[in-house]
Amino acid sequence: MELEHKAFWAIKELNFSYDSAGEKRKLQINELEEIRNDAYESSRIYKEKTKAFHDNQILRKNFHQGQKVLLFSSRLKLFPGKLKSRWNGPYLVTKVYPHGAVDITSEINGNTFKVNGHRLKPYLESPFDIARESLTLKEPVI
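Counting of residues starts from 1 at the beginning of each chain's written sequence and follows it residue by residue. Where totals are concerned, whole chains, interfaces and linings use all residues; where local detail is concerned, this predicted model gives features only for residues with pLDDT of at least 70, and gives and counts side-chain atom pairs only at 80 or more. Heavy atoms from the whole structure form the basis of all side-chain values; hydrogens and water molecules are not counted.

Caption draft 1: Highlighting the overall build of the protein. To qualify as a helix, a DSSP run of H or I must reach at least 4 residues; to qualify as a strand, a run of E must reach at least 2; elements of each kind are numbered from the N terminus. A count of helical and extended segments in the protein gives two helices and five strands. Starting at the N terminus, the α and β elements of the protein follow one another as α-α-β-β-β-β-β. Two residues form a contact once any of their heavy atoms are found within 4.5 Å. The contacts of the protein with a sequence gap of at least 6 include a subset with a gap of at least 24, amounting to 44%. We get accessible surface area from the Shrake-Rupley algorithm with a probe of 1.4 Å; when it comes to residues, only the shown protein chains can shield them. A total accessible area of about 13,300 Å² is found for the protein, and carbon and sulfur atoms account for 59% of it.

In structure tokens:
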């Protein structure tokens with residue numbers, strides 16, 4: 001019993017007083033709360049800056065009726081051709097909806113379907129008729 005009593009007094013002397021130890025603990029908890037709030041605030045600022053940068057990089061695509069477009073083929077292919085293009089087409093835009101969807105018609109078989117405007121890009125036609133024109137090459141002169 002006396003040993004416990006001496007141990008209690010030794011602990012009490014080390015802690016000096018329960019009130020000051022409690023106050024110190026409250027201050028430490030408040031400091032942790034401030035650090036947590038600062039981390040939350042800096043995280044929010046970082047997310048806002050990242051979102052603003054991302055939004056600036058988005059390209060707005062405006063399509064109109066009669067325009068020719070290419071459609072991105074996003075089907076999963078295990079072994080796609082290395083040089084094979086992932087763009088199909090050309091398709092003809094038949095209707096543009098205000099929320100970003102576009103009705104397109106295939107020039108080959110006339111099928112019409114609705115797709116997301118993000119999957120389309122304008123088709124730039126070549127000024128040359130590749131099927132009819134030919135270019136003859138001559139031997140280089142040394």
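Caption draft 2: Geometry of unusual backbone geometry. Cis geometry is adopted by the peptide bond preceding Pro 90, which originates at Gly 89 and carries an omega value of 10°. As for its placement among the helices and strands, Pro 90 is situated in strand β2 (residues 87-96).

Caption draft 3: Looking closely at the nonpolar core. Remark: nonpolar core denotes a set of buried residues (Ala, Val, Leu, Ile, Met, Phe, Trp, Tyr, Cys) joined through side-chain atoms within 4.5 Å. A simple rule labels every residue: compare its accessible area, found with a 1.4 Å probe on the protein chains alone, to the largest value its type can have, and call it buried under 20%, exposed over 50%, or partly exposed in between. Within the largest apolar cluster, nine residues are counted, these being Phe 63, Val 69, Leu 71, Tyr 91, Val 93, Val 102, Ile 104, Val 115 and Leu 120. When contributions to this core are tallied by element, the ones reaching two or more residues are β1 (68-72), β2 and β3 (101-106). Those residues within four positions of Ile 104 in sequence are excluded, and the remaining contacts are Val 69, Leu 71, Tyr 91, Leu 92, Val 93, Thr 94, Asn 111, Thr 112, Phe 113, Val 115 and Leu 120.

Caption draft 4: Representation of the pairing of β1 within the structure. Should DSSP find at least two bridges between two strands, the strands are regarded as paired. Of the strand pairs in this sheet, β1 and β2 are connected by four bridges, and their pairing is antiparallel. Along β2, the bridge assignment pairs Val 69 with Tyr 91.

Caption draft 5: Local environment of the sheet that holds strand β4 (residues 112-116). With antiparallel pairing, five strands are arranged side by side in an open sheet as β4-β3-β2-β1-β5. Lying at the two open borders of the sheet, with one neighbouring strand each, are β4 and β5 (120-122). Each adjacent strand pair in this sheet contributes to an overall mean axis angle of 50°, direction not counted. Every axis corresponds to a line fitted to the C-alpha atoms, with the helix fit spanning only the stretch in contact, and the corresponding angles, defined between N-to-C directions, vary from 0 to 180 degrees.

Caption draft 6: Region of the structure containing the pattern of salt bridges. Basic side-chain nitrogens of Lys or Arg form a salt bridge, by our definition, when they fall within 4 Å of a carboxyl oxygen of Asp or Glu. Scanning the model with the defined rule gives six salt bridges in all. Among the salt bridges present, the one from Arg 36 reaches Glu 33, with a minimum N-O distance of 2.8 Å. Here the residue Arg 36 and the residue Glu 33 both occupy positions in helix α2 (residues 18-57), the gap between them amounting to three residues, near one helical turn. Take Glu 33: its relative accessible area is 37%, and that puts it in the partly exposed class. With a closest N to O distance of 2.3 Å, Arg 44 and Glu 41 form a salt bridge. With Arg 44 and Glu 41 both in helix α2, this residue pair falls three residues apart, about one helical turn. Connected via shared salt-bridge partners are Glu 41, Arg 44 and Glu 48.

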